[in-house]
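# Working through the structure, step by step
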Amino acid sequence: MGTIADKDRERLKTIFEALIHPVHIIMFTQEFECEFCRMTRELLEEVTGLAEKISLEIFDFVNDKDQAQKYRIDKIPAILLIGDRDYGIRFFGMPGGYEFTTLIQDFLMVSRRDHGLPHEVVSTLSGIENPVHIQVMISPGCPYCAQAVHMAHRFAMAVSAITADMVETTEFPYLATKYNVQGVPKIIINEKHSVVGSMPEKEFAQEILKALQKS
Amino acid sequence: MEFPGFILNLPQTEAHKPDQGILYDLLIVGGGPAAMSAVIYAARKMLNCALITIDFGGLIRETSEIENYLGFQSIDARDLVARFEEHVRSFRIPVLTGAAVKEIRKQNGDFLLLTESGQQFSGKTVIFAAGEGHRQLLIPGSKEFVGRGISYCTTCDAPFFREKKVIIAGGGNSAFTTAIDLMRVHAEITMINFAEDWQADGTLQQRVKKYDRIQFLDHHEILRIEGSKSVESVVIKNRSTGQEVSIQVDGIFIEIGLVPNSGPVKNLAQLNRIGEVIIDCTCRTNIPGLFSAGDVTAIPHKQIIISAGDGAKAALSAYDYLIETAKI
C-alpha cells in the first residue's frame, strides 16, 4: 500500500496530464531518517512516479553538505521545486494535510512556468534588489495556511529576489518558539516583519513592501 | 502529532473560469453548503450558471467532526467538504475561486457582480450565499493579541496550546466543539459564557463535561485581555455578583457567534437589524431575481443541512423565476 490513497493516486494521474514543462524536485533527507523525512521521501517517490515530467533527486543533508549549502538548506526534511531555474520555493517539513494540495498546485505552477500573479501586483515589487526571505509558519490542520504558502511561492517565482519557505511548526517547534507562533498562518518576512492570516495578492505585496521599509 | 493525512483539494481537470462577457442565467455567490447545493440543482435544470467564491467549504473547514449531517453518524469535516466539492465539480460549471465579491448591483433588469480584484460578471439571476464570518470580541486587547494568543480557528491553532491554560469564550455548539479540539491537546480549559447556562447541544455538553481539566463559568463577561508580547491574563466579571477577577492564561479561543457576510448586497436587498438577508419561504429577497440562502439569511438555526436544503430551494426558485419572466 502506498502513502497516498488509491483514489487520490488516480486523480493525480489525471491532474498531471496538464503538466507542460519538466519539474525537478530536490529533497534533502539523511541516512538515518527522521520519521517525517522517511514519510516525505516515500510521498515524493510515489507522487513523482506518477508523471514523466516530474523528476526527483534526493540528497543527504550530512553527506551532501555542498549541495545543502548551494541550496541554502538548514533543516530537513526539505523540498525544492526547480523549473527553468531555482525559484526559491521551499517546503521545510512534510507537506501533509492541506499542504499536500499546495505541493501539487506548485508542481502545476512550475510546470506552466507561470505564477499567475497580475502584472500590476508584480510591478509594485519590480524594483526590489535586496533579498526577501518569506517564511510561512503553518500547522497541518489549518485550512487557510495552504493558500498563504502557495501565495508566497507565487511571489518567489515572480520576483527573483524573493525566496519563500513553508515551515511546518509541529516538526520545527523551536522555530515556533523563536517566532512566538500562536496562530497560523504566520508570515515572517526578513525576520523583522510578521503578519498572521492568509490574504489576497495585493495585500501580500504590501506586506513585503512594509517589511522592506523596516530593513 | 496526529497524522493529518494528505488532503488533495484540487479538481481533476481545471474548471474553466466564468467569462466576463457572458450573461449567465444564474450566478451563485459563496462556497458553503447552500451555494454548493444550489449549483447541483441549477446544473440539473441545465441553467447556464457560474460559481464565484473565496473557497470551498466556508466555516465547515474550521470544524473537526460533523455528527449531525444526515447519512453520516460522524464524518471528518474535511471529508464532507471534499465530497460536496467533488459533487459540484462533476457538473463542470465555470468556477472562480479566490474571489471575494465586493458588490452586487442591478443593471438593465439583470445583475452585475463586481469582485474585489476588479472583475465583473453578469447574471439574469443571482443566488447570494456568502455565509457568515466570526463575530469579533471587541474589548481592550482583543485586536492586538490576534495570532499572539487570541484565536478564531481551533483546527489551525490548537497545537500551539498543548497542555496550556486556555479560555473559550462562548456557550454554543462552536464553543463546545472548540473544547473538544483543545481536549485533544490536553489543554486546561475555562469556558466562559456571557449568558446564563449553556446553549450547545446536550450530546456535545455531555462529552465535554466528562473532561477533568475544564471549568465552566456561565453568566460571566470578559472585560479585557492583558499581556506584553502575547496573552498573559484575562479579566472577567461575574455578572451575578459584579466581582472581577484576573485569570492567568496562555490563550483565548473566541466562539461568540457569527456575523452575516451581507456587505455585497447591503445597498440592494433588505436586511434585518443584524444584517441578515431577509428572504421568504422560497428564498426570494425583496429584489426580483435576487435569491439568498444559507447562513447569510435571516432563517434561524445555522446548520449545514438547513443551508443545503435552502440552497436547493433557491436554485429551484431561480429556475421558476427565469421561466415565469421568459428569461430562458
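Criteria and cut-off values
- Residues numbered from 1 in each chain as written.
- Chains lettered and ligands numbered in written order.
- Predicted model: local features only at pLDDT ≥ 70, side-chain atom pairs only at ≥ 80, totals over all residues.
- Heavy atoms only, no water.
- Helix = DSSP H or I, 4+ residues; strand = E, 2+ residues; numbered from the N terminus.
- Buried < 20%, exposed > 50% of the residue type's maximum accessible area, 1.4 Å probe, protein only.
- Contact = heavy atoms within 4.5 Å.
- Areas by Shrake-Rupley, 256 points an atom, 1.4 Å probe, with all protein chains shown as cover.
- Lys, Arg positive; Asp, Glu negative; His and termini not counted.
- Charge placed at Lys NZ, Arg CZ, Asp CG, Glu CD.
- Pairing = 2+ DSSP bridges.
- Axes fitted to C-alpha atoms, helices over the stretch in contact; angles between N-to-C directions.
- pLDDT = per-residue confidence, 0-100.
- Domains from an automatic or database assignment.
- Buried area = accessible area lost by both parts, 1.4 Å probe.
- Salt bridge = Lys/Arg side-chain N within 4 Å of Asp/Glu carboxyl O.
- Polar contact = N/O pair within 3.5 Å; in protein donor to acceptor, adjacent residues only side chain to side chain.
- Nonpolar A, V, L, I, M, F, W, Y, C, P; charged D, E, K, R; others polar.
- Phe/Tyr/Trp six-rings, centres within 6.5 Å; stacked < 30°, edge-to-face > 60°.
- Lys NZ or Arg CZ within 6 Å of the ring centre and 35° of its normal.
- Expected span 1.5 Å × (residues − 1).

Here we take up the overall build of chain B. Along its length, chain B carries 6 helices and 19 strands. When burial is assessed residue by residue, chain B has 54% of its 328 residues classed as buried. A separation of at least 24 residues holds for 60% of the contacts in chain B among residues at least 6 apart in sequence. Carbon and sulfur atoms make up 48% of the accessible area of chain B, which totals about 14900 Å². Charged side chains in chain B number 33 positive and 38 negative. The centres of these two groups are separated by 3 Å.

Residues and elements named next belong to chain A. In space, the 8 strands of this open sheet follow the order E2-E1-E3-E4-E6-E5-E7-E8, with mixed pairing throughout. Only two strands of the sheet have a single partner each, and these edge strands are strand E2 (54-60) and strand E8 (193-196). Recorded for the sheet is a direction-independent mean angle of 20° between the axes of neighbouring strands. Pairing of strand E3 (residues 78-82) with strand E4 (residues 86-92) involves 4 bridges; the strand directions are antiparallel. When the bridges of E4 are listed, Ile 82 appears paired with Asp 86. In this fold helix H4 (residues 99-112) packs onto strand E1 (23-29), E2, E3, E4, strand E5 (132-138) and strand E6 (162-168), with an angle of close to 170° to the strand it touches most, E4. The sheet strands contacting helix H8 (residues 201-214) are E5, E6, strand E7 (186-189) and E8, and the helix crosses E8 at an angle near 150°.

Quick look at the confidence of the model for chain A now. Mean pLDDT over chain A works out to 93, with 99% of the residues at or above the 70 mark. Looking at the elements of chain A, mean pLDDT is at its lowest for helix H1 (residues 6-15) of chain A, recorded as 89, and at its highest for E4 of chain A, recorded as 98.

How big an interface is tends to be stated in terms of the accessible area lost upon association of its parts. Residue and element names in this part refer to chain A. Domain annotation for chain A reports domain 1 (6-112) and domain 2 (119-214). Buried surface at the junction of domain 1 and domain 2, summed over both partners, amounts to about 1900 Å²; 62% is from carbon and sulfur atoms. Here domain 1 and domain 2 share 0 salt bridges between them. Taken together, the links from domain 1 to domain 2 amount to 12 residue pairs in polar contact (both at pLDDT 80 or more). For the side of domain 1 that touches domain 2, the secondary structure elements donating two or more residues are E4 and H4. Considered class by class, the residues forming the side of domain 1 that touches domain 2 number 11 nonpolar, 6 polar and 6 charged.

Below, the discussion takes up unusual backbone geometry. Residue and element names in this part refer to chain A. Note that the residue after Ile 76, namely Pro 77, is joined by a cis bond; omega there is 0°. Take Pro 77: it is sitting in the loop between helix H3 (65-70) and E3. With omega at -5°, the peptide bond leading from Val 184 into Pro 185 counts as cis. In this structure, Arg 113 is a non-glycine residue whose phi angle is positive, near 55°. Examined against the element boundaries, Arg 113 turns out to sit in the loop between H4 and helix H5 (119-123). Take Arg 113: its relative accessible area is 25%, and that puts it in the partly exposed class.

Let us now look at the environment of Ile 168 of chain B. All names here are of chain B. Along the polypeptide, Ile 168 turns up in strand E11 (residues 165-169). According to the relative accessible area criterion, Ile 168 is buried, its value standing at 0%. Linking Ile 168 and Glu 144, residues 24 residues apart in sequence, is a C-alpha distance of 18 Å. Ignoring any residue separated from it by four or fewer positions in sequence, one finds Ile 168 in contact with Ala 175, Thr 178, Ala 179, Leu 182, Ile 189, Thr 190, Met 191, Ile 192 and Phe 253.

Let's shift gears to the packing of aromatic side chains. The description of an aromatic ring pair rests on the distance of the ring centres and on the angle between the ring planes. In this structure the tally under the stated criterion is 13 aromatic pairs over all chains. Seen in terms of ring centroids, Phe 161 of chain B and Phe 253 of chain B are 5.2 Å apart; in terms of plane orientation they differ by 80°. Their pairing is edge-to-face. Here Phe 161 of chain B, found in the loop between helix H3 (154-157) and E11, pairs with Phe 253 of chain B, found in strand E17 (residues 251-254); they are 92 residues apart in sequence, far enough to count as distant. Here Phe 161 of chain B matches Phe 253 of chain B in class, with each residue buried. Between the aromatic rings of Phe 176 of chain B and Trp 198 of chain B, the centroid separation amounts to 5.8 Å while the plane-to-plane angle is 80°, which identifies the pairing as edge-to-face. Here Phe 176 of chain B is found in helix H4 (residues 173-183), whereas its partner Trp 198 of chain B is found in the loop between strand E12 (188-193) and helix H5 (202-209), with 22 residues between them in sequence. Of the residues examined, Phe 176 of chain B reaches a relative accessible area of 0% and is grouped as buried. Above the face of the Phe 92 of chain A ring, Lys 75 of chain A is positioned so that its terminal group lies 4.2 Å from the ring centre. Between Arg 239 of chain B and the ring centre of Phe 194 of chain B, over which it is positioned, the NZ or CZ distance is 3.6 Å.

A word on the pairing of E11 of chain B. Residue and element names in this part refer to chain B. Within E11, 4 of the 5 residues are buried, which leaves it mostly tucked inside the rest of the structure. By the bridge criterion, 5 bridges tie E11 to E12 in an arrangement that is parallel. Following the sheet pairing, Ile 167 is matched in E12 by Thr 190. Direction of pairing for E11 relative to E17: parallel, over a ladder of 4 bridges. Along E17, the bridge assignment pairs Ile 167 with Ile 252.

Looking now at helix H6 (residues 145-158) of chain A. Residues and elements named next belong to chain A. Between its first and last C-alpha, H6 extends 20 Å over 14 residues, near the 20 Å set by a 1.5 Å rise per residue. In terms of burial, H6 is largely enclosed, as 12 of its 14 residues are buried. Taken residue by residue, H6 has Cys 145, Ala 146, Ala 148, Val 149, His 150, Met 151, Ala 152, His 153, Arg 154, Phe 155, Ala 156 and Met 157 as its buried positions.

A word on the interface of chain A and chain B. Contacts between the two partners involve 38 residues from chain A and, on the opposite side, 29 residues from chain B. Broken down residue by residue, the surface that chain A buries against chain B is led by Arg 11, Tyr 98 and Gln 182 of chain A, which jointly contribute 23%. Glu 86 of chain B serves as the salt-bridge partner of Lys 7 of chain A, at 3.5 Å between the closest nitrogen and oxygen. Counting the contacts that link chain A with chain B gives 6 residue pairs in polar contact (both at pLDDT 80 or more). Top contributing element to the side of chain A that touches chain B by residue count: H1 of chain A, with 7 residues. The residue inventory of the side of chain A that touches chain B, partitioned by class, reads 20 nonpolar, 13 polar and 5 charged.

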